[in-house]
Amino acid sequence: MNDAATRKLALSHLWVAFIAFILACFMGVYQVLERSGFISALDSPSVYFASVSTHGVLMAFVLTIFFIMGFGYTIAASSLKQPVWNMPLAWGGFWLALTGVIMAAIPLLAGKASVLYTFYPPIVAPAAFYIGATLLVVGSWVWCVIMLVMFSQWKQANPGQAVPLAMFATAMNVLLWLWTSAGVALEVLFQLIPLSLGWIDTVDAGLSRTLFAWTLHPIVYFWLIPAYTAFYVFVPKQAGSFVFSDEMARLAFIVLAVFSLPIGFHHLYMDPEQAKGWKLLHGIGTFMVALPTLVTGFAVIASLEIAGRLRGGKGLFGWIGSLPWTNSMVLAVILSLLMLIFGGFGGIVNASYAMNAMIHNTAWVPGHFHLIFAGTTVIMYFAIAYYLWPILVKKPLFSSSMALVQLWTWFIGMSILTTPWHILGLLGQPRRVSSVVYNNLLTLSWQPYELMMIVGGLVLLGSACLFIYNLAKTQLNPSSEAIDQHIEYAEPIHAAESVPEWLNDLKLWNKVIAVLMFISFGYPILQFFIMDTYGSSPWGF
Amino acid sequence: MQTESVKQKCEHFLRDLNTQLHEFYIQFRAIHIDPLERKWIAVSLLVVGLLVSIIVIDAFFHGINPPGKVETVDSDSLHLNKEFAEDNLGVQVDGKGAIIIRMVAGRYSFFPKHIDVPSETPLTFRWVSMDVLHGVHIPMTNMSTMIVPGYVAEITTTFPKPGEYPMLCNEYCGLGHNHMWSNISVIAKEDWTAPVKSLAKGGSNNE
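Residues numbered from 1 in each chain as written. Chains lettered and ligands numbered in written order. Predicted model: local features only at pLDDT ≥ 70, side-chain atom pairs only at ≥ 80, totals over all residues. Heavy atoms only, no water.

Draft legend 1. Focus on the overall build of chain A. Scanning chain A for helices and strands turns up 17 helices and zero strands. Computed over the C-alpha atoms, the radius of gyration of chain A is 23 Å, within 12% of the 24 Å expected from 2.2 N^0.38 for a compact globule of 541 residues. When burial is assessed residue by residue, chain A has 65% of its 541 residues classed as buried. Taken as a whole, chain A presents about 18700 Å² of accessible surface, with 71% of it coming from carbon and sulfur. Here chain A contributes 21 positive and 20 negative side-chain charges, whose respective centroids are spaced 6 Å apart. (Helix = DSSP H or I, 4+ residues; strand = E, 2+ residues; numbered from the N terminus. Rg over C-alpha atoms; globule rule 2.2 N^0.38 Å. Buried < 20%, exposed > 50% of the residue type's maximum accessible area, 1.4 Å probe, protein only. Areas by Shrake-Rupley, 256 points an atom, 1.4 Å probe, with all protein chains shown as cover. Lys, Arg positive; Asp, Glu negative; His and termini not counted. Charge placed at Lys NZ, Arg CZ, Asp CG, Glu CD.)

What follows is the structure in structure tokens.
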């Protein structure tokens, strides 16, 4: 990573991601305060829903897409040892995506696009919001093209050799994202933009929800794959160990990408526009996608155990104590796995075809996805940033101990925030309410949990500020001498000199995905064109 | 002639696919997997298999399914619709003695505002929206469904315990979303009497 141009490109993407993140963290604290109702001066549904919509868009789309693009450029340039292909095009993608973000941010912040990041037609927002979101996604497609070109150029230059694991994972994520984003792209291009511009009079909300469900599940794996990539290629090296199995890691990424796509209907279990047989089919697929996560959990823990034993740890659990807990990457993976275990249990409840009725659209759901995304995934984004920053800015990290405090407080804050959130869901609190006005005894039992959530939110905001402060101080530090570090990838225990072509390429898996998507979404989408449906007129909010 | 060549192509394709799958299988078996990892994968498969079989058996043999009756309705003209006309809403007992409850969701309430239903009795709710997307949940019960404009959300459930329950909108439907709620009284089975108008099936005709 001596190439200054690549470093600048990666840093620019990562800064956009983290600025979006910190803004959204402030909004998060406002939201827990507002919805608790403890401070009556704050009560305002219009500000609340503008904030929730912006928080969702910034965290789910801006933080993730920009982080993943910056991470991908870094991985491609360093693991393939070649500069980023077509730098002007890469910057074009960056500016396109950033323009989209600004275009969408204006109506969002003005409170004109409070339609949440899930869009929810027939409520409509100004066209600028949808067009902005589209440009953001198109910008990410530019990144996809560059990643695929670099992937195939390297394969042509190194015939018969295994693509480095980190790049293979990134390429699988590109394939996943291209398929994932197609669903929402169809919804926005053929339904939402024409509706908001008045080109069409009505919209079929059932079709919109089906198309959005196409995107809504695999998108979380798009966010998660960088974290899993770090699990496999950074964590073992930082802990002083090895990748447990290079081939199984590839297989895990393949199964993640292939099975996360045809299963989106678990978001529609409670919906009237899809039949139960299709829901059951997608439900079974949802359980399949737990397999690569279970395999990944095993592989990471195995790598950590080897590290602990190499460092002198003895006994059944003794190796845990002898791990390098003060290494930010190792600490982050331990905390990430802890949150993954609890979040995973919650996920099994959500995935369960009929049991889901109990918690559908209750506070349980945001509790779950904050634990698994903002917890498991984002804590790895932090660890990746702490690892990459000294390499990208050529200066030592401002404070390693501050980084450790930040990771611990993020974990503690997330536990304090999401535990009451889950309980509120079981107590029947709906998600997305700006205040509790139900005149019912039940709602009294909600109050202590609201208070706990405020504490969690404040701890998280403090942690997020430490993160940004540390990165900024590292970069702006004028006195420190330039250091020249390189990314070190973990070696597998058994080097995979040559792997079968299907563990080294995307073509076969692209076809498999096409077949599975046709099976699971073919008729469910076609049905809207063969039955008598009634469109809905657009509404404001 | 034409059909023969199609047939040949098909055979050719299948033969190719077969060879490819065979090759894939051989390569797949050749992957190095640690014995411990092999055991872990077996355990994972067992756990996932167990959960899936519970769900599938419940769905096929006990009829435990989420709502999913794909039935369309014109949400923009509910006022012209016989079934969901205002005087036809609420609790009714049909000819076979089944209890059907027709409800309309609209910003920001559920109509009718209050209903009485018996406990321990199967109840079939038919929900429609007159405007945007809504959801309805009666906390502590299985009565949960999305109400998507353009579709009738039908769900059959039983309330085991009598009591006063809130009926909450659980999907963002606009700035007044949190004010969208109403009440339902679940009355002990033996104390409940069917509403009088339930005999006039179809309610008043507003054609």
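Draft legend 2. Structural detail: the overall build of chain B. Tallying secondary structure elements over chain B gives two helices and ten strands in all. Along chain B, helices and strands appear, N-terminal first, in the series α-α-β-β-β-β-β-β-β-β-β-β. Taken against the 2.2 N^0.38 rule, which gives 17 Å for 207 residues, the C-alpha radius of gyration of chain B at 26 Å runs more than 25% over that of a compact globule. Here the C-alpha coordinates of chain B stretch approximately 70 × 55 × 40 Å along the principal axes. Going through the 207 residues of chain B one by one, you find that 44% of them count as buried. Counting only carbon and sulfur atoms, one obtains 61% of the accessible surface of chain B, whose full area is about 11100 Å².

Draft legend 3. Molecular detail of the pairing of strand β5 (residues 123-129) of chain B. All names here are of chain B. Of all seven residues making up β5, seven are buried, and the element is well covered by its neighbours. Of the two faces of β5, the one lined by Leu123, Phe125, Trp127 and Ser129 and the one lined by Thr124, Arg126 and Val128 are each fully buried. Here seven bridges tie strand β2 (residues 99-106) to β5, and the two strands are oriented parallel to one another. Paired with valine 104 across the two strands is valine 128, which belongs to β5. Pairing analysis gives five bridges linking β5 to strand β8 (residues 153-157), with the strands arranged antiparallel. Bridge assignment links threonine 124 to a residue of β8, and that residue is threonine 156. (Pairing = 2+ DSSP bridges.)

Draft legend 4. Focus on the sheet that holds strand β7 (residues 144-147) of chain B. Residue and element names in this part refer to chain B. Strand order in the open sheet made by the five strands is β4-β10-β9-β6-β7, with mixed pairing throughout. The sheet is open, and its two edges are formed by β4 (114-118) and β7, each paired on a single side. Ignoring which end each strand starts from, the neighbouring axes of this sheet average 20° apart. (Axes fitted to C-alpha atoms, helices over the stretch in contact; angles between N-to-C directions.)

Draft legend 5. Structural context of the UniProt feature "transmembrane region" (unreviewed entry) in chain B. The UniProt record annotates "transmembrane region" (unreviewed entry) at residues 40-61 of chain B. When the span residues 40-61 of chain B is considered, its composition is 100% helix and 0% strand, and the gap between its end C-alpha atoms is 31 Å. (UniProt positions renumbered as here; feature names shortened; annotations may be inferred.)

Draft legend 6. Quick look at the environment of leucine 123 of chain B. Residue and element names in this part refer to chain B. Along the chain, the position of leucine 123 falls in strand β5. Placed 23 residues apart in sequence, leucine 123 and isoleucine 100 show a C-alpha to C-alpha distance of 6.2 Å. Not counting residues within four places of it along the chain, the set of residues in contact with leucine 123 comprises Ile99, Ile101, Val117, Pro118, Ile155, Thr156, Thr157 and Phe159. (Contact = heavy atoms within 4.5 Å.)

Draft legend 7. Summary view of the layout of surface pockets. Taken as a whole, the second largest pocket encloses approximately 650 Å³ of empty space. For the second largest pocket, the lining is made up of 24 residues, of which Met248, Leu251 and Val255 of chain A together with Phe28 and Ile41 of chain B are closest to its centre. The set of elements that each furnish at least two residues to the lining of the second largest pocket consists of α9 (246-260), α11 (290-310) and α17 (507-530) of chain A together with α1 (2-30) and α2 (35-61) of chain B. Among the elements that make up the lining of the second largest pocket, the one with the highest residue count is α9 of chain A (seven residues). Looking at the lining of the second largest pocket residue by residue, the classes come out as 22 nonpolar, no polar and two charged. (1 Å grid on protein atoms, 1.4 Å probe; cavity = no way out; pocket = protein on both sides within 12 Å on 5 of 7 lines; lining within 4 Å. Points joined across faces, edges and corners; volume = space filled by probe spheres on them. Nonpolar A, V, L, I, M, F, W, Y, C, P; charged D, E, K, R; others polar.)

Draft legend 8. Up close: the interface of chain A and chain B. If you look at the interface, chain A gives 76 residues, while chain B gives 66 residues. Carbon and sulfur atoms supply 70% of the area buried between chain A and chain B, which totals about 6100 Å² over both sides. Our count for the contact surface shared by chain A and chain B stands at one salt bridge. In this structure, arginine 432 of chain A and glutamate 171 of chain B form a salt bridge, with 3.1 Å as the shortest nitrogen-oxygen distance. Scanning the region where chain A abuts chain B turns up 21 residue pairs in polar contact (both at pLDDT 80 or more). Looking at the side of chain A that touches chain B, the elements that each hand over two or more residues are α2 (45-79), α6 (205-216), α9, α10 (276-288), α11 and α17 of chain A. (Buried area = accessible area lost by both parts, 1.4 Å probe. Salt bridge = Lys/Arg side-chain N within 4 Å of Asp/Glu carboxyl O. Polar contact = N/O pair within 3.5 Å; in protein donor to acceptor, adjacent residues only side chain to side chain.)

Draft legend 9. Main features of a nonpolar patch on the surface. On the surface, Leu281, Val515, Phe518 and Ile519 of chain A cluster together to form a nonpolar patch covering roughly 400 Å² of accessible area. Residue position: phenylalanine 518 of chain A is located in helix α17. (Patch = residues over 30% accessible without salt bridge, like charges linked within 9 Å, V, L, I, M, F, W, Y side chains within 5 Å.)

Draft legend 10. Representation of unusual backbone geometry in the model. Residues and elements named next belong to chain A. For the bond running from proline 121 to proline 122, omega is 10°, close enough to zero to count as cis. With respect to the helices and strands, the residue proline 122 is situated in the loop between α3 (87-109) and α4 (127-157). Phi at lysine 394 is positive, roughly 60°, even though this residue is not glycine. Relative to the elements of secondary structure, lysine 394 occurs in the loop between α14 (364-393) and α15 (400-426).

Draft legend 11. View of the state of the cysteines. Tallied over the full model, the rule gives zero disulfides over all chains. The closest cysteine sulfur to the non-disulfide-bonded cysteine 465 of chain A is located on cysteine 25 of chain A, 7.7 Å from its own sulfur. (Disulfide = S-S within 2.5 Å.)

Draft legend 12. A look at helix α5 (residues 165-196) of chain A. Residues and elements named next belong to chain A. The terminal C-alpha atoms of α5 lie 44 Å apart, and with 32 residues this matches the ideal 46 Å at 1.5 Å per residue to within 8%. Considering bend angle alone, the principal kink of α5 is centred on valine 188 and spans about 40°. In terms of burial, α5 is largely enclosed, as 25 of its 32 residues are buried. A positive phi of about 80° marks glycine 198, the residue just after α5. (Expected span 1.5 Å × (residues − 1). Bend = angle between axes of the 7 residues up to and from the residue.)

Draft legend 13. Up close: the environment of isoleucine 146 of chain A. Residues and elements named next belong to chain A. Within the secondary structure layout, isoleucine 146 lies in helix α4. For the pair formed by isoleucine 146 and alanine 90, sequence separation is 56 residues and the distance between their alpha carbons is 7.3 Å. Not counting the four nearest positions on each side in its chain, isoleucine 146 is found in contact with Tyr73, Val84, Trp85, Asn86, Leu89 and Ala90.

Draft legend 14. Structural detail: the nonpolar core. If you look at the biggest cluster of nonpolar residues, it comprises 248 residues, and the most contacted ones within it are Phe66 and Phe234 of chain A together with Trp127 of chain B. The element best represented in this core is α2 of chain A, accounting for 20 residues. Sequence-distant contacts of phenylalanine 234 of chain A, defined by excluding residues within four places in its chain, comprise Phe71, Ile75, Thr229, Met329, Ile384, Tyr387, Ile487, Glu488 and Tyr489 of chain A. Counting seven residues, the second largest nonpolar core, distinct from the first, contains Phe84, Val104, Val128 and Val152 of chain B. (Core = buried A, V, L, I, M, F, W, Y, C linked by side-chain atoms within 4.5 Å.)

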